[in-house]
Structure formats: structure tokens, C-alpha cells
Amino acid sequence: MTAVIEAKGIIRDYAIPGGLFRKAGAVRALKGISFSVEQGKTLAIVGESGCGKSTLARIITLIDPASGGDLLIDGQKVDVRGLTPELRRKVQIVFQNPYGSLNPRQKVGDMLMEPLLLNTDDSASTRREKAMAMLVKVGLGHEHFGRYPHMFSGGQRQRLAIARALMVNPRLLVLDEPVSALDLSVQAQVLNLLADLQAEFDLTYVFISHDLSVVRYIADNVMVMYKGEVVEYGTRDEVFGNPQHEYTRTLFAATPEANIDSIRARVERRRAAGIGA
Amino acid sequence: MALLEIRNLNVSFATSTGMFHAVKGLDLKVHPREVLAIVGESGSGKSVSMLAAMGLLPKTAKVTADVMSFNGRDLLTMPASERRAIIGKDISMIFQEPIASLNPCFTVGYQLEETLRAHLGLGGSERRKRAIELFTAVGIPDPEKKLSAYPHQMSGGQCQRVMIAIAIACKPKLLIADEPTTALDVTIQKQILDLLMKLQEETGMGMIMITHDMGVVAETADRVIVKYKGRKMEEADVLTLFEAPSHPYTKALLSALPENATGDRLSTVSDFVDMAALEGQQ
């Protein structure tokens, strides 16, 4: 089985302009990232702010070019300068903040039909039909077609962002912290929706997150990044069961424990110290 | 005696579509040396209720309460000048966005010393000495140098440490932390929570931890209040809440945690509770 996406030694440099007191330089945001994801699987990318995970997302989504390395989609090498609509259709992205990623002046229906207008030869009536069908798929209704984004809650907006990404039948969906801005109960609904859609369309996900409990729930493979490098890459059970790198262990140790035993231990320790209720 | 006692707090805002009730009939007590967590989703009124207690809401907000007292003194009838003497000294607050809550035009040292001058009236050299002590206590490396740094020269975690230093500068009796780690990375979150708990244990101050994260509740709280749409759903000590939650909404919240997933699907709140019934309930 060929991988839907394969990255080989992706490098990204950002130039820092020189000034009166400073020489021009470069920051290497990605230092040779390699991974591959097979069809229908989910790769989770975990890391702190500034580790380069969003830079990587932009490169995978063909928004930004890489400074070096190869990116293969469906086994075909990608050059950002010569993109075909066909290639564009294959990768879509959902951003973190649904309040920022939807155009407040565009009706939901227009927003969903726009990718079809740009990337396909569908007629107006087909576009409309497809948009209506997609609204239902993501758990909204036909009545939402003519509304504006401000009329929706955060969870509903994220559903819209997902709907927009799926309009062109992509093979790969890049999810850049799709549930971080959402409340817990809404987060659960959106994660369930993502699982349903993956099963229905045989989608491949690259799921970027800093929340380890979400990653553990959704991922097949996990890649941990730190300062532009991959420090750990393996199946979910390998990474969570037996983390090899120091940083991964720090990350796991820092995640709050919500199990009864650790709460009981903490409460007893505080009581012994004469603190607390 | 309770440190902060609030009975039947109501907060409402006038909007173009009529009154919006952000907090409905909240009762709350915090004792010295205790950590109370208020947990709820966005819009549950958890921040607004604490801002009301601090007197930090805009004039458009209508705040009523049967009792609102701090350390036996009535906050409702107190003149504004007396209240100002308490706020920032005996009750202090840490906010969610550390970088946004510091003034970008002044050094962090100036902002810390401002609190010391306003509330304790310390002289220049004493202020500086105390400021260095505080920076050391919150774990800022090289405190003497960092006093003359501006907020943009520090990371988010360091800014939050500065905020904590300002908040504990006058040895408050009650510290209100409003989502203190939400904007921070998980490893930094751990450091900040550990720091807050260490300070709380050392000084024995009361603390209110406002959060939406059940993990943070599990790591910090003694007692927990769960809120939804302005109402208190449940109040329990932390072990009882996690072991045997009594309110369906709390059960739902706990089972929506990805680590509590059973099988392939996550339970959502609507699997447990009829939301309409919850909102109508008095």
C-alpha cells in the first residue's frame, strides 16, 4: 500500500532581514522532517508552541514551499510552483480558530461552494446540491445554507470549516489544532464527527495537537517534535507505552492526571501537611 | 470563618435583546488554606462571578447579592476607597493572558514595585529588595536583571510568573486565578501549577482556581464547584466529584474527556443530559 503522503527530510528556513546593528541570518524552523501516512490512518503531530508543527502543516498543505527535502503525495513528487487543481484538491486544511478562519461577510452556502467553483467544472446546481449534502454530513441542516458565520457557535463553525475542507473530496485532511478552541463537550462532538467522516470517506488525517489525551484517542501513529526536529516517531502504543526520548517523557509527566488514585494521593498529602479542607 | 462568602449572587448585563443573566443565584464559600476550583465551559459565568466579587465589572453590569463578605467585612456596602485598599492587597487575581495583562510600556520591575508602593508604601531600596525576593520566589532566573526587562522580552511562562509575583507581592489572603495556564504549553502549565500550589501551601492563602480543564481541577483543587449557563450544578470535594459525581452534567463532562473514552466513540454531554431541561431548572 502506498502512502498518501510521504515527507523526506523536509527543511524550512526563515530569513531574518539584516538591519543597522544586525547581520541578515536564517532560522531553521524544520530540520529535516520525514514521515509517511497510509490511507485511512491518522498521524498525530505533537509539540509545544514554536516547535515547527504549524510550519510543517503549511508545507504539507502546499501553502508554503519547503526550503529543502521532498514531499510526495500519492507517490507523486510535489513542486509548489507548478501546482495543478487536481493536486490542490487532494490536500485540505482545517485551522485552529473557527472564529478567524471563516469569512464573516460570506454566507455559509457561498463559502462551501467556492472551492468547487475554483477547483472543479461543476455546474451551479451541482455545487449547490453538494454543499447542501455536505451540511447534512457534518451535522448541520439545509436551513443553515443562507446564514452568516456569526450566527453559529464555536463548535458549529468548526463543523463548517471541516465541511468546507471536504467539499473537494480531498484524500488528506490536515487538522491544525481543530479542537483546542472548543469546550470539552463540543470537543467530544467534533472528534466523533471526525471519526465518522474518516470511516465514511476513507480519509487520511494529519492531526496537529498539543493535547496528549486527544492524541491518544484519535491517532494511529504519533510524531513528537521539539525545536524543529522529530524526537519520537512510532505507533500510538509504542510512543505512549514506552517513550524513548527525554522530551517525550517530560511531556507525558507534565500532562495533568485526572485518575482517582493520583487525586487521592494528592489530597492525602495535603491533609498530612495541614492544608486544604 | 469563611474567607470569602457569597450568597445568592446575580449578575446581569443589559443587551439590545433584553437582560442577559450571566450568573444566577451563586452561593460560594472559600476558607483559608483551601483551594476551591470553579469549573465550567465558556459562558458558564465562572469568570464573571469572580470579577463581580473583585468589583472589576463595568458599570453596565448589574450585580446583586444577599451576602458578599471578605474576612467578615461586607464588600457590598463598603465605600470604593476601602474596597480598593483590599483589592490587589488581600484579594489578588491572575488572568488568563499573561502577556496581555502586563503593560507593554513599563518594565516588569516597575509594575511589580507599583503594587508594593501603592499598598505597602515601601521606599525605593526596600521595594527593590522585596521585588528581587519575589522574583526569586516565583523562579525567575537572574531576577536583578529581569526587573528591568519589558514584557515583550519575556516568554509567556515568564510573564505569568511575573503576574504571580505581582499577585502575591502583598501576601494576599485570597488569590483568584482565572485560567492561569490556559494560554501556556503543557510543560509550562505544569511548572506554573506547581509554583501556585507550592506558594499556596507555604503561605496558607485561600485560592480560587477558575478553569475549564478537568485535569487542572484534579491536580489542584480541594473542593470543586461545577457551573453551567450561570448556575451551579454541583459542589463537592475533589475526590467525590471524580469518584462519584452526582449531577448528570458533571458525569457528562467527565465522560467527554478523551482518556475516559469507551470503545470508539466519545460520550457527549447531550448523551447524558437534556440541555433544555437543565437550563429551565431552578
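Check the entry above for the structure.
Conventions used here
Residues numbered from 1 in each chain as written. Chains lettered and ligands numbered in written order. Predicted model: local features only at pLDDT ≥ 70, side-chain atom pairs only at ≥ 80, totals over all residues. Heavy atoms only, no water. Helix = DSSP H or I, 4+ residues; strand = E, 2+ residues; numbered from the N terminus. Buried < 20%, exposed > 50% of the residue type's maximum accessible area, 1.4 Å probe, protein only. Contact = heavy atoms within 4.5 Å. 1 Å grid on protein atoms, 1.4 Å probe; cavity = no way out; pocket = protein on both sides within 12 Å on 5 of 7 lines; lining within 4 Å. Points joined across faces, edges and corners; volume = space filled by probe spheres on them. Nonpolar A, V, L, I, M, F, W, Y, C, P; charged D, E, K, R; others polar. Pairing = 2+ DSSP bridges. Axes fitted to C-alpha atoms, helices over the stretch in contact; angles between N-to-C directions. Salt bridge = Lys/Arg side-chain N within 4 Å of Asp/Glu carboxyl O. Patch = residues over 30% accessible without salt bridge, like charges linked within 9 Å, V, L, I, M, F, W, Y side chains within 5 Å. Areas by Shrake-Rupley, 256 points an atom, 1.4 Å probe, with all protein chains shown as cover. Phe/Tyr/Trp six-rings, centres within 6.5 Å; stacked < 30°, edge-to-face > 60°. Core = buried A, V, L, I, M, F, W, Y, C linked by side-chain atoms within 4.5 Å. Buried area = accessible area lost by both parts, 1.4 Å probe. Polar contact = N/O pair within 3.5 Å; in protein donor to acceptor, adjacent residues only side chain to side chain.

Q: Explanation requested: the overall build of chain A in the structure shown.
A: Across its full length, chain A holds 11 helices and 10 strands. Its C-alpha atoms give chain A principal-axis dimensions of roughly 70 × 50 × 50 Å. Taking all 277 residues of chain A together, 49% fall into the buried category. Here the contacts in chain A between residues at least 6 apart in sequence split such that 67% fall between residues at least 24 apart.

Q: Help me understand the layout of surface pockets in this model?
A: If you roll a probe as big as a water molecule over the atoms, it shows you where there is empty space left. Put simply, the second largest pocket is a space of about 830 Å³. Looking at the second largest pocket, it is lined by 32 residues, and the ones nearest its centre are Ser213(A), Arg216(A), Tyr217(A), Pro258(B) and Glu259(B). Among the secondary structure elements, those contributing two or more residues to the lining of the second largest pocket are α7 (184-201), α8 (212-218) and α9 (236-241) of chain A. No other element matches α8(A), which puts 5 residues into the lining of the second largest pocket. The class makeup of the residues in the lining of the second largest pocket is 16 nonpolar, 8 polar and 8 charged.

Q: When you look at empty space enclosed by the protein in this model, what are you seeing that I'm missing?
A: Per the stated rule, a full pass over the model turns up 1 cavity of 30 Å³ or more. Considered as a void within the structure, the largest cavity measures approximately 50 Å³ in volume. When the residues that make up the lining of the largest cavity are grouped by side-chain class, the tally is 4 nonpolar, 2 polar and 2 charged.

Q: Can you walk me through the side chain of Thr250(B) in this structure?
A: Here Thr250(B) lies in helix α11 (residues 248-255). The residues contacting Thr250(B), other than those within four sequence positions of it, are Val226(B), Glu234(B), Leu241(B) and Pro245(B).

Q: Can you walk me through unusual backbone geometry in this structure?
A: With the exception of glycine, most residues fall at negative phi, and the peptide bonds are largely trans. Residues and elements named next belong to chain A. Although it is not a glycine, Glu177 adopts a positive phi angle of roughly 50°. With respect to the secondary-structure elements, Glu177 resides in the loop between β7 (172-176) and α7. Positioned with a positive phi, Lys227 is a non-glycine residue whose angle comes to about 50°. Its location among the elements puts Lys227 in the loop between β9 (221-226) and β10 (229-235).

Q: Help me out: how do you make sense of the sheet that holds strand β10 (residues 223-228) of chain B in this one?
A: Strand pairs in the sheet, formed through backbone hydrogen bonds, run parallel or antiparallel to each other. Residue and element names in this part refer to chain B. Taken together, the 6 strands give an open sheet; going across it, the order is β7-β8-β9-β3-β10-β11, and neighbouring strands pair in mixed fashion. The two strands at the open ends of the sheet, each matched to only one other strand, are β7 (91-94) and β11 (231-237). The mean angle between the axes of side-by-side strands here comes to 15°, regardless of whether they run parallel or antiparallel. The sheet contact formed by strand β8 (residues 174-178) and strand β9 (residues 206-211) spans 5 bridges and is parallel. Bridged to Ala177 within β9 is Met209. Where helix α7 (residues 156-167) meets the sheet, it contacts β7 and β8, and its direction lies at approximately 175° from that of β7.

Q: Just checking my understanding: could you explain the pattern of salt bridges for this structure?
A: Close approach of charged atoms lets side chains of opposite charge pair. For the structure on display, the rule yields 26 salt bridges over all chains. For the salt bridge of Arg171(A) with Asp74(A), the shortest nitrogen-to-oxygen distance reads 2.5 Å. Of this pair, Arg171(A) sits in the loop between α6 (154-166) and β7 while Asp74(A) sits in the loop between β4 (68-73) and β5 (76-77); the two residues are 97 residues apart in sequence, bridging distant segments of the chain. For Glu246(A), the salt bridge identified is with Arg249(A), shortest N-O distance 3.7 Å. Taken together, the residues Glu246(A) and Arg249(A), both in helix α10 (residues 246-254) and 3 residues apart, mark about one turn of the helix. Judged by relative accessible area, Arg249(A) falls into the partly exposed class, the value being 38%. One salt-bridge network, in which partners are shared between bridges, spans Arg269(A), Arg270(A), Glu201(B) and Asp222(B).

Q: Explanation requested: a nonpolar patch on the surface in the structure shown.
A: Judged by side-chain polarity, Tyr14(A), Ile16(A) and Val27(A) come together as a nonpolar surface patch covering roughly 220 Å² of accessible area. With respect to the helices and strands, Tyr14(A) occurs in strand β1 (residues 3-16).

Q: How should the pairing of β9(B) be read in this particular structure?
A: A regular strand carries its side chains on alternate faces of the sheet. Residues and elements named next belong to chain B. Counting buried positions over the 6 residues of β9 gives 6, a clear majority of the element. Burial along β9 is two-sided: Gly206, Ile208 and Ile210 facing one way and Met207, Met209 and Thr211 facing the other are all buried. Here strand β3 (residues 35-40) runs beside β9; their pairing, made up of 5 bridges, is parallel. Pairing of Ile38 across the sheet is with Ile210, part of β9.

Q: Looking at this model, I keep getting lost on the packing of aromatic side chains. Mind explaining?
A: How two aromatic rings sit relative to each other is given by the distance of their centres and the angle of their planes. Summed over the entire model, instances satisfying the criterion amount to 4 aromatic pairs over all chains. Seen from their ring centres, Tyr226(A) and Tyr247(A) are 4.2 Å apart, and the 20° between their planes marks the pair as stacked. Here Tyr226(A), found in strand β9, pairs with Tyr247(A), found in helix α10; they are 21 residues apart in sequence, far enough to count as distant. Seen from their ring centres, Tyr228(B) and Tyr249(B) are 4.7 Å apart, and the 40° between their planes marks the pair as tilted. You can see Tyr228(B) sitting in strand β10 and its partner Tyr249(B) sitting in helix α11, a full 21 residues away along the chain. With a relative accessible area of 0%, Tyr249(B) lands in the buried category.

Q: For this particular structure, what's the right way to read the pairing of strand β8 (residues 204-209) of chain A?
A: Residue and element names in this part refer to chain A. Buried residues dominate β8, accounting for 6 of its 6 residues. With burial as the criterion, each face of β8 is covered, one bearing Thr204, Val206 and Ile208 and the other bearing Tyr205, Phe207 and Ser209. Pairing geometry for strand β3 (residues 42-46) and β8, over 5 bridges, is parallel. Residue pairing in the sheet places Ile45 in a bridge with Ile208 of β8.

Q: Got a minute to help me understand the nonpolar core in this structure?
A: In a soluble, globular protein the nonpolar side chains are often hidden away together inside. Formed by 102 residues in total, the largest nonpolar core has its most connected members in Leu112(B), Ile164(B), Met209(B), Met214(B), Val217(B), Val224(B) and Phe242(B). The residues contacting Val217(B), other than those within four sequence positions of it, are Arg266(A), Ala37(B), Val39(B), Thr211(B), Val224(B), Val238(B) and Phe242(B). Ranked by size, the runner-up nonpolar core spans 34 residues in total, among them Ala22(B), Val23(B), Met54(B) and Ala61(B).

Q: Before we go on, may I ask you to explain the interface of chain B and chain A in this structure?
A: Accessible area lost upon the coming together of the parts serves often as the stated size of an interface. If you look at the interface, chain B gives 39 residues, while chain A gives 33 residues. Interface area for chain B against chain A, summed over the two sides, is near 3,300 Å², with a carbon-plus-sulfur share of 57%. The interface formed by chain B and chain A contains 11 residue pairs in polar contact (both at pLDDT 80 or more). If you list the elements that add at least two residues to the side of chain B that touches chain A, you get α8 (186-203), α9 (214-220), α10 (238-243) and α12 (269-272) of chain B. In the side of chain B that touches chain A, the residues fall into 18 nonpolar, 9 polar and 12 charged.

Q: Is there a simple way to think about the environment of Ala167(B) in this case?
A: All names here are of chain B. Relative to the assigned elements, Ala167 resides in helix α7. Each C-alpha atom of the pair Ala167 and Met1 lies 23 Å from the other, and the pair is 166 residues apart in sequence. Ignoring any residue separated from it by four or fewer positions in sequence, one finds Ala167 in contact with Ser92, Met93, Ile94, Pro172 and Leu175.

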